[in-house]
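# Structural description and commentary
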Amino acid sequence: MASWTSKVSQWAEERWNLRKWLSPILDTEVTEYKKKMRFCWGGMTFALIVVELITGIFLAYYYQPSVKGAFQSIAFITDQVYLGWLVRGLHHYASYLIIVTVVVHMMIVFFRGAYKPPREMTWVSGIFLLVLCFAFSFTGYLLTWDQRGYWATRIGTGMASEIPIIGEYLMIFLQGGYGVKQPTITRFFISHVIVLPLFLIGFLLAHFIMIRRQGVKKPF
Amino acid sequence: MEEGKQRKPTFYPDQFFTEMIIFLFIIGIVVTLSVILPIGYEEEASPLVTPSTINPEWYFLWLFQVMKLVPPTIGVLIPFTILAILILLPFIDTKEINTFRDHRWFIYIGAAVLLLIFVLSFWATLGG
Amino acid sequence: MDEKNTIEKENPTPSVSRRKLLRFITAFLGLFGLGAIFSSIIVFLTPPRSALKKVGGWQAVGNLSEFKENSMAKTYFGLPVILVKNGKGLLSFSTICPHLGCIVIWDEKKKQFFCPCHDAAFDENGKVLKGPVKPYNLLPMETKVEGETISVKLPEDKLPGYPSWFRITMISGV
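What counts as what
Residues numbered from 1 in each chain as written. Chains lettered and ligands numbered in written order. Predicted model: local features only at pLDDT ≥ 70, side-chain atom pairs only at ≥ 80, totals over all residues. Helix = DSSP H or I, 4+ residues; strand = E, 2+ residues; numbered from the N terminus. Buried ≥ 20, exposed ≤ 12 C-beta atoms within 10 Å, placed from the backbone. Contact = placed C-beta atoms within 7 Å. Rg over C-alpha atoms; globule rule 2.2 N^0.38 Å. Nonpolar A, V, L, I, M, F, W, Y, C, P; charged D, E, K, R; others polar. Axes fitted to C-alpha atoms, helices over the stretch in contact; angles between N-to-C directions. Parallel < 35°, antiparallel > 145°, perpendicular 65-115°, else oblique. Left-handed = near helix turned anticlockwise from the far one by under 90°. Core = buried A, V, L, I, M, F, W, Y, C linked by C-beta atoms within 7 Å. Pairing = 2+ DSSP bridges. pLDDT = per-residue confidence, 0-100. Expected span 1.5 Å × (residues − 1).

### As for the overall build of chain C
Scanning chain C from N- to C-terminus turns up three helices and 10 strands. In sequence order, the secondary structure elements of chain C are arranged as α-α-β-β-β-β-β-β-β-β-β-β-α. Looking at the 174 residues of chain C, the share that counts as buried comes to 27%. In chain C, once contacts between residues fewer than 6 apart in sequence are set aside, the share between residues at least 24 apart is 39%.

What follows is the structure, given as structure tokens:
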């Protein structure tokens with residue numbers, strides 16, 4: 001007698017022929033040593049990114065990207081919205097942990113020399129993912145429109161202007177005008193919720209495809 | 001499916017379920033943190049008052065300390081230099097390695113940079 | 001036979017170089033197109049000139065009657081400006097720290113301004129005492145009193161010696 005799970009999978013198989021499409025992904029052999037603890041940090045980061053995406057979508061239901069509304073909507077989410085405090089907490093702490101897991105992941109790759117050919121582009125895409133993490137952190141920080149976020153952005157954009165030649169243009173570009181005001185919130189919001197996530201998904205895919213192709217480096 | 005002990009581990013189910021355990025573990029940590037230390041919110045932004053104690057997030061503390069010590073132009077170029085070195089690294093260092101010894105200088109330099117970042121971050125928390 | 005010969009005569013080596021040329025042109029046009037798209041995006045995202053509103057020139061900041069001898073007035077009308085009245089008369093300067101742009105705070109006990117961001121300190125005349133901003137003082141500004149109204153002149157042009165963000169922050173208002 002077939003169990004109900006195999007019945008369901010047979011039912012799905014008849015309709016969508018999923019096995020055929022998923023087989024190259026699911027049935028790939030993985031090496032035994034991949035089970036070691038030191039190989040889990042990338043997977044952890046991915047888990048946290050999924051948490052960020054989901055909680056981020058929920059927060060966007062209530063958040064208002066405006067000078068007048070931003071802080072109020074944050075307070076509203078925290079105090080009034082059911083489980084709002086939890087969703088904000090998850091979004092906040094997951095972003096902290098991403099920095100931790102990403103840095104540990106990078107350190108392990110660096111110390112094992114796993115960035116060398118043929119994995120150099122995996123490493124480079126990883127560095128771009130790190131840059132994206134900081135871009136997410138920088139743009140997300142302003143959105144709460146509290147003192148910390150506001151001043152961090154003012155100092156951050158001011159620091160950008162110290163870059164030779166392009167600095168002054170870059171500062172106005174980032175702020176969307178003179179000073180950290182409504183245009184700044186608008187462009188930080190759009191970057192944080194649309195542009196950066198698209199880049200993130202692209203680079204993650206590239207990263208995963210290359211890991212699939214090259215496998216993990218053998219331990220010493 | 002049943003091939004006994006000869007079956008080699010595949011992504012599904014072997015690695016997949018390991019990853020799922022990691023998923024649950026990490027989500028457990030995040031939920032615990034948000035329940036134990038609810039984040040709340042601070043004061044609304046005010047363009048005319050900088051709070052009397054202002055620290056960046058902990059992962060930027062080292063840069064915050066660097067900005068106290070060097071001219072701004074140099075300070076702001078430091079992270080970009082580090083990124084450029086990291087991107088170029090696999091194209092410069094292509095030598096094959098088989099043992100820990102082959103790689104030791106990279107390990108020492110990497111550890112030194114990490115230590116420096118820790119020291120700078122710690123220094124910044126002291127407010128010096 | 002004849003046909004075959006003519007084909008071979010028409011398609012000797014030159015076609016290879018022609019193909020190369022075509023490939024080169026395609027690559028060139030492709031790169032040019034990508035460059036055009038990329039630069040258009042940058043241009044589109046650049047804030048237009050009309051969005052760059054400046055706050056500058058003479059601005060009224062307060063009333064003379066609100067002032068006592070040796071007093072510090074806080075910012076007026078949302079401008080990062082502080083007024084100081086001492087034996088020498090009425091002084092005014094910017095409260096923007098010239099290091100990275102935080103607003104300095106007056107410390108009544110020490111009789112000096114300090115910057116909460118990177119520990120710079122300035123005396124009551126705006127002169128830098130310590131910190132990562134050695135060459136810069138708090139920017140002094142022209143002050144005038146007309147009747148009861150005190151006005152200060154916000155800089156509009158480039159400030160020699162001061163970083164470029166400083167001017168942008170000064171003219172951005174609040």
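### Observations regarding the overall build of chain A
Tallying secondary structure elements over chain A gives nine helices and zero strands in all. Relative to the globule expectation of 17 Å for 220 residues, the C-alpha radius of gyration of chain A, 21 Å, shows a markedly less compact shape. In terms of overall dimensions, chain A has C-alpha extents of about 65 × 45 × 30 Å along its principal axes. Here chain A, with 220 residues, has 40% of them falling under the buried criterion.

### Remarks on the interface of chain A and chain C
Contact residues are listed per partner, giving 17 residues for chain A and 18 residues for chain C. Of all the secondary structure elements, the ones that give two or more residues to the side of chain A that touches chain C are α7 (147-160) and α8 (167-175) of chain A. In terms of residue class, the side of chain A that touches chain C is built from eight nonpolar, six polar and three charged.

### Some remarks on the interface of chain A and chain B
Each side of the interface is counted separately: chain A has 54 residues, and chain B has 51 residues. Taken together, the elements giving at least two residues each to the side of chain A that touches chain B come down to α2 (18-26), α3 (41-60), α4 (70-79), α5 (84-111), α6 (120-143) and α7 of chain A. The element best represented in the side of chain A that touches chain B is α5 of chain A, accounting for 12 residues. A per-class count over the side of chain A that touches chain B returns 34 nonpolar, nine polar and 11 charged.

### Observations regarding the packing of α3 of chain A against α5 of chain A
All names here are of chain A. Following both chains from N to C, one finds α3 and α5 inclined at 155°, their axes separated by 8 Å at the closest point. Judged by the angle between their axes, α3 and α5 are roughly antiparallel. You can see that α3 and α5 cross each other, and the crossing is left-handed. Considered class by class, the residues forming the contact of α3 with α5 number 15 nonpolar, eight polar and two charged.

### Section: the nonpolar core
Among soluble globular proteins, nonpolar side chains are generally buried collectively. Grouped together as the largest cluster of nonpolar side chains are 89 residues, with contacts concentrated most on L48 of chain A together with C97, C102 and V104 of chain C. Of the residues forming this core, the biggest block, 10 residues, is contributed by α6 of chain A. Ignoring anything within four residues of it in the chain, the contact list for V104 of chain C reads T95, C97, F113, F114, C115, F122 and L138 of chain C.

### Quick look at the pairing of strand β10 (residues 149-154) of chain C
Residue and element names in this part refer to chain C. The two faces of β10 differ: I150, V152 and L154 on one face are buried, but T149, S151 and K153 on the other face are not. Relative to β10, strand β1 (residues 57-63) runs antiparallel, the two being bridged by six bridges. When the bridges of β10 are listed, A60 appears paired with S151. In this antiparallel pair of consecutive strands, strand β9 (residues 143-146) and β10, the connection spans two residues, and G147 shows a positive phi of 65°.

### Describing helix α3 (residues 164-171) of chain C
Taking burial as the measure, the eight residues of α3 of chain C include six buried ones, the bulk of the element. Buried within α3 of chain C we find W165, F166, R167, I168, T169 and M170 of chain C. The secondary structure elements touched by the buried residues of α3 of chain C are α7 and α8 of chain A together with β4 (89-94) and β10 of chain C. Directly beyond the C-terminal end of α3 of chain C, a positive phi value near 65° is found at G173 of chain C.

### Observations regarding the sheet that holds strand β8 (residues 128-130) of chain C
Residue and element names in this part refer to chain C. Taking strand neighbours across the sheet as the criterion, the four strands line up as β5-β6-β7-β8 in an open arrangement whose pairing is antiparallel. With one partner strand each, in any of the chains shown, β5 (105-107) and β8 form the two edges of the open sheet. Judged from the two bridges that link them, strand β6 (residues 112-114) and strand β7 (residues 121-122) form a sheet pairing that is antiparallel. The residue of β7 that forms the bridge with F113 is F122.

### A short note on unusual backbone geometry
Note that the residue after P117 of chain A, namely P118 of chain A, is joined by a cis bond; omega there is 5°. For P118 of chain A, the location among the structural elements is in the loop between α5 and α6. A cis amide bond links Y12 of chain B to the next residue, P13 of chain B, at an omega of 10°. Counting through the fold element by element, P13 of chain B comes out in helix α1 (residues 11-36). The phi dihedral of I165 of chain A falls on the positive side, at around 65°, and the residue is not glycine. Residue placement: I165 of chain A occurs in the loop between α7 and α8. Here I165 of chain A falls in the exposed class, since 7 other C-beta atoms lie within 10 Å of it.

### So, the confidence of the model for chain C
Chain-level statistics for chain C give a pLDDT mean of 80 and a share of 84% at 70 or above. The ipTM assigned to the predicted complex is 0.89, against a pTM of 0.88.

### What to know about the environment of P219 of chain A
Residues and elements named next belong to chain A. Locating P219 in the fold gives a position in the segment after α9 (182-214). Accessibility expressed as a C-beta count within 10 Å gives 10 for P219, which makes it exposed. As for P219 and G113, which are separated by 106 residues in sequence, their C-alpha atoms are 9.9 Å apart.

### Observations concerning α5 of chain A
The end-to-end C-alpha distance of α5 of chain A is 41 Å, a good match for the 40 Å that 28 residues give at a rise of 1.5 Å each. Following α5 of chain A by one or two positions, G113 of chain A adopts a phi angle in the positive range, close to 65°.

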